[in-house]
Amino acid sequence: MEKDEILKFVRQMKPRDHVIMFHSNSEDKHRVLFTYLKAGLDQGEAAAYIASEETPDEIRQAMRRFGLDVDELERRGALRVIDWRDWYIVGGKFSIAETLQRWKRMYDEVVAKGFKGLRVTGETACFFRERMVSELVEYEQALHRVLELSMAAVCAYDSRLVANERGGELLLDLIKSHSNVMIVGPEGGVVKSH
Amino acid sequence: MSTSLSSQREALVQATDYGLMVLGETVRGTIYQCIESKYQLKREEIPEKLPTFHKALEGLLGASARVIERQIAKNLYATLGLNFTPRKDWTIVEYFDHAKKAKGGI
């Protein structure tokens, strides 16, 4: 599959879609995730990016290079770039219930402001660094609860981290247990979609 | 017991079929189509052009390719009746070479 087809897939994602993405470098990650968020912003949705592989400022800079008017989008509340310590692992603790509540609150806020929906993405690297991979897997299973709301989600995994976890078994388990999986390689990629 | 090189090659093609099934039948078909159009490599030619297959998988799947290759190798070893030990730095090329030697195919 060519990269353009991957980009077409993320542009066409619908509310309640939950996709797990495996990427191998930052360039691919930026291109796919920013395309996905921009498609939502262009149709009147709000967007959120939880950063943990890079800092929020690095993400903002990369978004500007991609062509997003970050300052304007943030000013009118259409875009939020959030540090993982303020969203996932707060005060050294990760709570699935609280994280799901945060998503719900964010959704309610953007809808109250008049946005048509919400597209979110979260980098998962912090769970690997903090040795909270089991919690992450549990969270992935629970995420469908907030996806009853009109929001779409892409969870971004660095393939290099996942491939080394449990001798590669984690990657296989995640692929098997999720109906929407996207793997992006340097020369293309594949999409497993229900 | 030694096995012929042709049966080892057949076993590798089957192991590849099973290994790629983790991604589902549609994705497996996409991968075969893609490696044929981009790398001129047909499914049946994978054993003869294994380095090309490895390169194609890495191009498509990045770091995830290593895990899929390990899965293919695991299936291959099971079919050939060999004990499988995962090796961190081995690709499908090294696994197949090792299996061939172990079965006396070269």
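Our subject in this report is the structure included herewith. Source: prediction; values computed, not measured. (Residues numbered from 1 in each chain as written. Chains lettered and ligands numbered in written order. Predicted model: local features only at pLDDT ≥ 70, side-chain atom pairs only at ≥ 80, totals over all residues.)

### Focus: the interface of chain A and chain B
Next, step 1: Residue-level contacts link 22 residues of chain A with 19 residues of chain B.
Next, step 2: Of all the secondary-structure elements, those providing two or more residues to the side of chain A that touches chain B are β1 (18-23), α8 (159-163), α9 (169-177), β8 (181-185) and β9 (188-192) of chain A.
Next, step 3: In terms of residue class, the side of chain A that touches chain B is built from ten nonpolar, eight polar and four charged. (Contact = placed C-beta atoms within 7 Å. Helix = DSSP H or I, 4+ residues; strand = E, 2+ residues; numbered from the N terminus. Nonpolar A, V, L, I, M, F, W, Y, C, P; charged D, E, K, R; others polar.)

### Description of the environment of Met21(B)
Next, step 1: Inspection of the secondary structure puts Met21(B) in the loop between α1 (5-20) and α2 (25-39).
Next, step 2: Residues Met21(B) and Phe96(B), spaced 75 residues apart in sequence, show a C-alpha to C-alpha distance of 19 Å.

### As for the nonpolar core
Within soluble globular proteins, side chains that are nonpolar tend to cluster in buried spots.
Next, step 1: One finds Met21(A), Leu118(A), Val190(A) and Leu76(B) to be the most contacted residues of the largest nonpolar core, which totals 88 residues.
Next, step 2: Leaving out residues up to four positions away in the same chain, Val190(A) has contacts with Met1(A), Ile183(A), Leu23(B), Val27(B), Thr30(B), Ile31(B), Leu60(B) and Leu61(B). (Core = buried A, V, L, I, M, F, W, Y, C linked by C-beta atoms within 7 Å. Buried ≥ 20, exposed ≤ 12 C-beta atoms within 10 Å, placed from the backbone.)

### Points about the pairing of β1(A)
Residues and elements named next belong to chain A.
Next, step 1: Most of β1 is tucked away: five of the six residues are buried.
Next, step 2: Where β1 and strand β7 (residues 151-158) come together, six bridges link them in parallel fashion. Looking at β7, one finds that methionine 21 is bridged to alanine 156.
Next, step 3: Judged from the three bridges that link them, β1 and β8 form a sheet pairing that is parallel. Opposite methionine 21, over in β8, you have methionine 182 as the bridge partner. (Pairing = 2+ DSSP bridges.)

### Looking at the packing of α1(B) against helix α4 (residues 64-80) of chain B
Residue and element names in this part refer to chain B.
Next, step 1: Running from N to C, α1 and α4 cross one another at 135°; their axes reach a closest spacing of 8 Å. Classed by the angle they form, the pair α1 and α4 counts as oblique. The hand of the α1/α4 crossing is right-handed. Contacts from Gln8, Ala11, Leu12, Gln14, Ala15, Thr16, Tyr18, Gly19 and Leu20 of α1 reach α4 at Ile68, Gln71, Ile72, Asn75, Leu76, Thr79 and Leu80.
Next, step 2: Looking at the contact of α1 with α4, its residues break down into nine nonpolar, seven polar and no charged. (Axes fitted to C-alpha atoms, helices over the stretch in contact; angles between N-to-C directions. Parallel < 35°, antiparallel > 145°, perpendicular 65-115°, else oblique. Left-handed = near helix turned anticlockwise from the far one by under 90°.)

### Examining helix α1 (residues 3-11) of chain A
All names here are of chain A.
Next, step 1: For α1, the full list of buried residues reads Ile6, Phe9 and Val10. Buried residues of α1, seen end-on, are gathered within an arc of 95° and therefore sit on one face of the element.
Next, step 2: The inward-facing, buried residues of α1 contact α2 (26-42), β8 and β9. (Arc of directions from axis to C-beta.)

It is worth stressing that arrangement in space is one thing and function is another; only the former is reported here.
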